[in-house]
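A closer look at the structure
For reference, the chains in residue letters:
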Amino acid sequence: MTGVNEFGTELADFRRRVGELKSARALPDTESQSTLDAALFELQHAADVLWPRYEELIAAGRRGTDQTDGREPQVLRALFQRLPVPVVLLDRDAVVRRMNTAASELFGIGAGYASGRSLTGSLAHSARAAFRSQVAAVARDEGSRSLRVHLLRPPYTEAPESRELRVTLSTLRTPGSQRGAVLAVFQLVAHTVPSVLSSGRSGHSGGGQTGPAPTLPEMTRHAELLDLVDDMAAELLVSASAEEAVGRAAAVLHRRFADWVVVDRRCVSGILRRSEVLAPAGAEEIREAVAAQNPAEVPVVIDAAERGAETLLVRPEDSEALGRDAMGAPVLARAEVSSLLCVPLVAPPGPPGREGRTGRRAEGPALGALTLLRSGGRNAIGLAEAGVVDRMARHLALALGRFERAGTETAESVAEDASESA
């Protein structure tokens, strides 16, 4: 029954890949060819392979495993780590089992952190469905495959062509394991730049993303964040209305901190409405789709505005985190989001400086939510940066609360004057 149980898992994986292909159909036509090929392949696999294999598995027996020398795994492990090309060992779901040193430098993540996480989080959204489908096919012993994918984050430069990789997938049967693994070998295409190993040893590693960051870049970034907080406070102080404060705050964060800035405010009736949306140049169509969203249908915004919870996602796998547009396409995939941060706009109940940072929860409903998105070519939002944004969101909430109280007092004063005149 081991083979039958394995087949049941394979069938569940097939259904999950079909669901991902459905969500990928909203991609532009120029990027959908590989997705369409993967969909046709999955349909042929369901019709010609799954049912015959099920009949074979019913009658199949358990296979024995070969005995290997105790020292051989150590030799192979050392060889795997010292290979001069990026190599990753995956399971049928594209989850990383092992990653050698060259692959860690290519993707900008440590092998320990990557283990147990899906490798598709480091790839562009347009390539994820096709990559998962091909990995699953290789895991089913249907032959080696080769395809081109794009990194979500360029490892060396901001040039789009440097994101392209060619990956070769092959089946690997490990002793004592009933489920096969997939060996993935990555190669930068010819028009990209320097080798992975040389970049890891040089001082130019894509803004300090590979290895420990030098002291000077750390101090430079710290000074930039201090300037950002100072500019935010100055803009809020000179604002004459809540709408102007929101616009000025969003302008400070746009481009300097995030590619996308979205502000949702709570109306007097308690309903959330989208107040401000700033997007990268050339993304007007997507910006209009984001602006037309109902904030009450965006999960991270609801978590922030209704429950006071902060959300920080790096290489998010959940395409529904930012909801869908009017056409049903996931906004996270359309905007090619590599990291997102959503914080509540809530003023601290006590004296300034005594509230928490990332992870704190507000007491009562917030005045709204601030959502910041970074896409493809930028470093992911870090915890230190999230703490700075939390403080700036508090400043914005204080300004909005001040304007709200001033409006209430003005309305009460007008009502009292009208009653006295009557």
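To keep things clear, this report deals only with the structure shown in the data block.

Cut-offs applied
- Residues numbered from 1 in each chain as written.
- Predicted model: local features only at pLDDT ≥ 70, side-chain atom pairs only at ≥ 80, totals over all residues.
- Heavy atoms only, no water.
- Salt bridge = Lys/Arg side-chain N within 4 Å of Asp/Glu carboxyl O.
- Buried < 20%, exposed > 50% of the residue type's maximum accessible area, 1.4 Å probe, protein only.
- Helix = DSSP H or I, 4+ residues; strand = E, 2+ residues; numbered from the N terminus.
- Pairing = 2+ DSSP bridges.
- Axes fitted to C-alpha atoms, helices over the stretch in contact; angles between N-to-C directions.
- Contact = heavy atoms within 4.5 Å.

In this structure the tally under the stated criterion is 18 salt bridges. A salt bridge links Glu142 to Arg140; the shortest N-O distance between them is 3.1 Å. Residue class for Arg140 comes out buried when judged on its relative accessible area of 4%. One salt bridge connects Arg374 with Glu385, and the closest N-O pair in it is separated by 3.1 Å. Pair noted here: Arg374 is in strand β10 (residues 368–375) and Glu385 is in helix α13 (residues 383–421), with a separation of 11 residues, a long-range link. Each of Arg221, Glu224, Arg374 and Glu385 takes part in salt bridges that share partners, so that together they form one network.

Right, let's talk about the sheet that holds β10 for a bit. Across the sheet, which stays open at both edges, the five strands sit in the order β7-β6-β10-β9-β8 with antiparallel pairing between neighbours. Two strands close off the open sheet at either side, each with one partner strand: β7 (272–278) and β8 (311–314). Across the sheet, the mean angle from the axis of one strand to that of its neighbour is 15°, orientation sign disregarded. Packed on one face of the sheet, helix α9 (residues 242–253) meets β6 (260–266), β7 and β10 and runs near 40° to β7. Sheet strands in contact with helix α10 (residues 284–291) are β6 and β7, and its direction is about 165° off that of β7.

Now for the environment of Glu317. For Glu317, the location among the structural elements is in the loop between β8 and α12 (331–334). In the structure, Glu317 is positioned 199 residues away from Ser118 in sequence and 8.3 Å away in space, judged by C-alpha atoms. Apart from residues lying up to four places away in sequence, Glu317 is in contact with Ser118, Thr120, Gly121, Arg128 and Arg132.

Don't take any of this as a statement about function, it's just geometry.
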